Amino acid sequence: MQEQDGPGRWARLTSAELRVARLVAQGLTNRAVASRLAISPHTVDTHLRHVFGKLDVRGRVELTRHAMSYDATHLTA
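Residues numbered from 1 in each chain as written. Predicted model: local features only at pLDDT ≥ 70, side-chain atom pairs only at ≥ 80, totals over all residues. Heavy atoms only, no water.

Draft legend 1. Quick peek at the pattern of salt bridges. Inspection of the entire model under this criterion finds 3 salt bridges. With a shortest N-O distance of 3.9 Å, D56 and R9 are connected by a salt bridge. Placement of the pair is D56 in the loop between helix 4 (41-55) and helix 5 (60-69) and R9 in helix 1 (residues 7-10), with a sequence separation of 47 residues. A salt bridge links E17 to K54; its shortest N-O distance comes to 2.8 Å. Taken together, the residues span a long stretch of sequence, with E17 in helix 2 (residues 15-25) and K54 in helix 4 at a distance of 37 residues. Using a relative accessible area of 26% as the deciding quantity, one classes K54 as partly exposed. (Salt bridge = Lys/Arg side-chain N within 4 Å of Asp/Glu carboxyl O. Helix = DSSP H or I, 4+ residues; strand = E, 2+ residues; numbered from the N terminus. Buried < 20%, exposed > 50% of the residue type's maximum accessible area, 1.4 Å probe, protein only.)

Draft legend 2. Quick look at unusual backbone geometry. A positive phi angle, near 60°, is found at A38, a position not held by glycine. Within the secondary structure, A38 is located in the loop between helix 3 (30-37) and helix 4. Using a relative accessible area of 71% as the deciding quantity, one classes A38 as exposed. Positive phi, normally seen in glycine, also occurs at D56, with a value near 55°.

In short, the description is geometric, and any link to function would need to be established separately.
Here it is, written out as structure tokens:
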């Protein structure tokens, strides 16, 4: 298993980034994530870009794949 699939990279995420990643992996749009978390869509985009960089993924689909392969108990808030 590569590090990107393991807890090492997921542990690098802040709590805000993890919340955004979890909701995006569930299929929510940036606007829906913003509404759910009571933050601006721009803030969601910023967190998501940080998540992509920290997990070394290039988009939402790849993020979702990594989230699904990672232990789901770590992604629940």
